[in-house]
Amino acid sequence: MEKTILSILILLLSILNTHSQSLKGLIKNSEGEPVRFATVYVNELKHGTTANIKGEYEIKLEPGEYTVFYQSLGYNPVIKTLTVGNSDIEMNVTLNIQYYQIPEVRVNASGEDPAYRIMRKAIGMAPYHLNRVKHYQAEIYIKGSVLINKIPRLVKRNLKANAGDIEIKEGESYLIESLNRIEFDAPDYYKQTVIAQQSTFPDTQQSDISPMDVVRASFYQPVLADIAISPLSPNAMSHYRFSYEGSTPQGKYVINKIKVIPKRKSQQVFEGVIYIIEDLWCLHSLELTNNNLAGSINIQQVYTPVEDDIWMPVSHNFDVKVDIMGVDADGTYGSAVTYDEVIPNDELPKPEELALNPTAEQQILEEQRKSSEKQEKIEEILKKEELNNRDMSRLSRLMEKEAAESSDKKEDLEITNNRTVTVKEDAAKKSSEFWAEMRPIPLSSEEKESVRVSDSLKVEAGILAPGSRNDSLSSSNGGKKRSAFVKTVNDIFLGETWYSENRKNRFRTSGLVNPDKFGFNPVDGFKYGVDFNYFHAADSGITFNITPEVGYDFAKQRLSWRASGLITYNHMNQSRIIFWMGRESRDFTNSAGISPFINMTSSLLLKDNYMRLYDSRYFTIRQRSEYFNGFYVQFRYSYDDRRLQTNNTRFSLFRKDELYAENIPDNPYLGTPGDTGAQYLLTDHVNHRFSTVISYIPRQRYRLTNGKKSPAGSDYPTFKIYYDHGINIREGKQYDHFDHIQFEANQSEPVGAFGEYSWRIRIGGFLKKDKLQFQDFNHFNTQSLPFLIRNHEDAFMLPHYYSLATPEHYIEAHARYTTPYLLIKLLPFLSNTLMRENISLAYLYSPATSHYYELGYSLSEVFLVGRIGVFAGFRDLSYSSAGVRFTFIFN
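With that settled, consider the overall build of the chain. From N to C terminus, the chain includes 12 helices and 44 strands. Counting all 891 residues of the chain, 47% fall into the buried class. Relative to all contacts within the chain whose residues are 6 or more apart in sequence, the contacts with residues 24 or more apart total 60%. For the chain, the computed accessible surface area is about 44,800 Å², with 55% contributed by carbon and sulfur atoms.

Here we take up the nonpolar core. By size, the foremost hydrophobic cluster in this structure holds 55 residues, and its most contacted members are Met-119, Phe-242, Ile-258, Ile-274, Ile-276 and Leu-283. Looking at this core, the element that brings in the most residues is helix 2 (residues 115–130), giving nine residues. Excluding its chain neighbours within four sequence positions, the residues that come into contact with Leu-283 are Phe-219, Tyr-220, Leu-232, Ile-274, Tyr-275, Ile-276, Ile-277, Tyr-303 and Trp-311. Listed in part, the 21 residues of the second largest apolar core include Tyr-57, Tyr-75, Val-78 and Met-91.

Bringing the environment of His-688 into the picture now. Summarising the element assignment, His-688 is placed in strand 32 (residues 685–696). When the C-alpha positions of His-688 and Tyr-637 are compared, they lie 7.4 Å apart, and in sequence the two are 51 residues distant. Setting aside residues up to four positions removed in sequence, His-688 forms contacts with Tyr-637, Ser-638, Tyr-639, His-725, Gly-726, Ile-727 and Ile-729. Reaching out from His-688, the side chain makes a polar contact with the side chain of Tyr-637 at a distance of 2.9 Å.

A few words now on the pairing of strand 10 (residues 173–185). The sheet contact formed by strand 9 (residues 133–150) and strand 10 spans 13 bridges and is antiparallel. Looking across to strand 10, one finds that Ser-145 is bridged to Leu-175. Direction of pairing for strand 10 relative to strand 11 (residues 189–199): antiparallel, over a ladder of 10 bridges. Looking at strand 11, one finds that Glu-183 is bridged to Lys-191. What sits between strand 10 and strand 11 in their antiparallel hairpin is a turn of three residues.

Here the structure, examined in full by the defined rule, presents 34 aromatic pairs. Considering the side-chain rings of Phe-318 and Tyr-333, the 5.8 Å spacing of their centres and the 70° angle between planes classify their relative orientation as edge-to-face. Of this pair, Phe-318 sits in strand 19 (residues 310–324) while Tyr-333 sits in strand 20 (residues 327–344), and the two are 15 residues apart along the sequence. A residue is classified by how much of its surface remains accessible, and Phe-318, at 17% relative accessible area, is buried. Look at Tyr-333 and you get partly exposed, because its relative accessible area is 26%.

Our next topic: the side chain of Glu-854. Within the secondary structure, Glu-854 sits in strand 42 (residues 850–862). In this structure, Glu-854 is buried with no salt-bridge partner, the nearest side chain bearing the opposite charge being Arg-885 at 7.1 Å. At 2.6 Å, the side chain of Glu-854 and the backbone nitrogen of Met-797 are in polar contact. Here the side chain of Glu-854 touches Leu-798 through a polar contact of 3.2 Å, landing on its backbone nitrogen. When residues no more than four places from it in sequence are discounted, the contact partners of Glu-854 are Ala-795, Phe-796, Met-797, Leu-798, Pro-799, Ser-840, Leu-841, Ala-842, Phe-871, Ala-872 and Gly-873.

Turning next to the pattern of salt bridges. When the charged atoms of two side chains lie near each other, side chains of opposite charge can form a pair. Under the criterion given, the structure shown has 36 salt bridges. Linking Asp-715 and Arg-701 is a salt bridge whose minimum nitrogen-to-oxygen distance equals 3.3 Å. A residue pair is termed long-range when its members are at least 10 positions apart, and Asp-715 in the loop between strand 34 (708–711) and strand 35 (718–730) and Arg-701 in the loop between strand 32 and strand 33 (702–705) qualify at 14 residues. Several salt bridges share partner residues, and in doing so they unite Arg-586, Asp-640, Arg-642, Arg-689, Asp-724 and Asp-776 into one network.

A few words now on a nonpolar patch on the surface. The grouping of Phe-485, Val-486, Val-489, Ile-492, Phe-493, Leu-494, Leu-512 and Val-513 at the surface amounts to a nonpolar patch, some 720 Å² of accessible area in total. Tracing the backbone shows Val-486 in helix 10 (residues 484–494).

A few words on the environment of Arg-643. Tracing the chain through its elements places Arg-643 in strand 30 (residues 631–643). Taking relative accessible area as the criterion, Arg-643 reaches 35% and is therefore assigned partly exposed. Between the C-alpha atom of Arg-643 and that of Thr-683, which follows or precedes it by 40 residues, the distance is 7.1 Å. Ignoring sequence-local partners within four residues, the contact set of Arg-643 consists of Tyr-614, Asp-615, Arg-617 and Asp-684. In terms of polar contacts, Arg-643 uses its side chain to reach the side chain of Asp-641, at 3.0 Å.

This brings us to the confidence of the model for the chain. Residues of the chain with pLDDT of at least 70 account for 85%, and the chain-wide mean is 82. Predicted confidence is poor over residues 1–19, with pLDDT under 50, and the contacts of this stretch with residues over four places away or in other chains come to seven contacts. This stretch, residues 466–481, has a pLDDT under 50; its non-local contacts, to residues over four places away or in other chains, come to 22 contacts.

Listed as buried for helix 11 (residues 596–606) are Ile-598, Asn-599, Met-600, Ser-602, Ser-603 and Leu-604. Elements in contact with the buried residues of helix 11: strand 24 (518–521), strand 25 (525–537) and strand 39 (787–788). Backbone geometry just after helix 11 places Lys-607 at a positive phi near 60°.

Despite not being glycine, Glu-861 shows a phi value in the positive range, around 55°. Examined against the element boundaries, Glu-861 turns out to sit in strand 42. Phi angles above zero are rare outside glycine, and Leu-877 is one such case at about 70°. Relative to the elements of secondary structure, Leu-877 occurs in the loop between strand 43 (866–875) and strand 44 (878–888). By relative accessible area, Leu-877 is classed as exposed at 68%.

Parameters and conventions
Residues numbered from 1 in each chain as written. Predicted model: local features only at pLDDT ≥ 70, side-chain atom pairs only at ≥ 80, totals over all residues. Heavy atoms only, no water. Helix = DSSP H or I, 4+ residues; strand = E, 2+ residues; numbered from the N terminus. Buried < 20%, exposed > 50% of the residue type's maximum accessible area, 1.4 Å probe, protein only. Contact = heavy atoms within 4.5 Å. Areas by Shrake-Rupley, 256 points an atom, 1.4 Å probe, with all protein chains shown as cover. Core = buried A, V, L, I, M, F, W, Y, C linked by side-chain atoms within 4.5 Å. Polar contact = N/O pair within 3.5 Å; in protein donor to acceptor, adjacent residues only side chain to side chain. Pairing = 2+ DSSP bridges. Phe/Tyr/Trp six-rings, centres within 6.5 Å; stacked < 30°, edge-to-face > 60°. Lys, Arg positive; Asp, Glu negative; His and termini not counted. Salt bridge = Lys/Arg side-chain N within 4 Å of Asp/Glu carboxyl O. Patch = residues over 30% accessible without salt bridge, like charges linked within 9 Å, V, L, I, M, F, W, Y side chains within 5 Å. pLDDT = per-residue confidence, 0-100.

Right under this line is the structure:
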């Protein structure tokens, strides 16, 4: 017994003697002001932390000797050698302003700023540094805090109504923090283990606080996190000017300070300073700001050599200011990184120009590696003292190819999940004592109060055990729940969705007051309808979805109805059956056509009715499957009892004495309605159609998730073949057959940062077309009204509705180029918007239209929801018409 007690005492003493001590203090500048977000890095541990907004820092160290680096942007680093014993150490540090010298020899004889020499090499080498590491393991602590300065009452009410009575209070600080272990394997695999996480935001105790956005966002990438263009992007010279601010020695390195200046105001660029290491051409640190629609984001990163001249970020700090729609908030987001293991990518050849002090092992490895033609070209470019833009682009492309060849990852069409996340069971239940022990970035007084209140609420909710903190706070639920009666009325009129307990059944109704179910046209008069949706997921994986709708057409005094359904029975082959049926008025065109809402508005206000409708009793069923990757076959059968209609009402808000235009499509091929002697008909008939669509997407990428396959794009065009065989049965059992075939190819691909190029071409015709009905013509998407409410990408914007439809052979082509900057966006008062510029070309040939061209220029993402375009049409290269289109996109 005595031996057991003695063993326990010895074990406890050993634990106490090796307990971590705190190195803490205050980091100030020479004026006595705190240095916010200064970096504290322990060289022996490859461990860093960051001071808080008051310059306070704290880091846990085992007994021993350490070399600690204190540094911040714009200040000379301070190096301290410390011996840590069995007690805490308080170390206050003063950082002095760092002055950068501009040597006379760096002035370029051509008059070009010396910054461009540095930046061209840094941009060219960015792919190399992006792929320099093969594997690393790190522990990352992240902390974010938000101070709400002002929040409108309307936003508060919406939060309460839509987010479970969440209440955000003005003047309060909210904290999010987490501790994570990250393992990385090149080129892009991350394994994340969430050790601890907590949040003081209302109703977010179990939130997923991920550091991956910080870890994966690199300024060596062309676009940073889909936010803005990096100054190290291959096309950075098109967006930035650079100014050399001088250089300063730090040990064996020379650090160049470069000012980053946007060529124009834009929400897609940064401004600030970056620090580049001479000869290595990698990042030393940076401070860049992005001003956007919601406010501004200031980013500070500090890099440190962690292995063989590999510089990696050890601290990330984001200073966010939000000022949008009356919401005023300040946020900070910081992280501290400890690298436990870093393995270089030795398969990626290291250019001789970067080898400052190679080890003997590195020299032998490089001598044994046979230089490729690309490597020789890289060395040739890097040996140049001055690079031009062409050299920079060539260097960047060569380094990208070298990085791709060095990757162990084989080209695979399946996009696997490159991130796995494991959350420890007690991650959200850590005590205040745990956080105080491991937290590397001290909390401010406001953040401490936020944690105190949150911990007390957790104790009440049972998330934390009583006694896990010293404070307690009583609270009461002041939220008011809606009464059952009010909720029932709301569900009936505005709609609601109900789920079964296992979430495999869903029932949804859109409510009695749904603007989408109101309408008007001269044929049906006012229209009103209601619908519901039912979804079921079987244990076998088969899913079933059906949406019935019933409505009433007041002018015809008749019920209308329709129903649609979807059955998915093989998720790996994407096999599904779709059906729809009903009795209602349908548009003659089988393309996009006019919006019912726009048609209703123009009819009621201007008495201009553009939509032409026929009475339809229809049933369609379609089956589609993927037979091998990227190869799809679709079969379709449709039945349609088509009957001509006339206008049944003259109602409008204005021009009440005028008549609406006849319900007859405007097309040069059509004869008089009901004339059975014409070559092309507009008569009552029954249509049977059998269709087959074969499509192929070469080298289609895809994802597999829970046994379900979903396409993920391709670098190649999509090819399609359509074949229709139709039978029209007219009065007197007269059978008219037709065959229609069409070939299509289309592609859309990104071009540069935030740019895109897309094209589509269709070629088709009718093999048999005698007595062809107008509904069976090949219809084209025409949008001739100045106001639209959806984005029509492959449309003709000037010809009248129905006028281009053809029963003959045709060629249709569309091309569009989208870019952030082209013409108007270069103007100073427009450059700082998220709008993009588009130029488009549309072409159509048919015997009736001859050669029709349409050129367009438009601004998209206007106020995020609109598009303004100007279009000009030409027939056989002779001017035909022009027009302006305003598009409002509502989801």
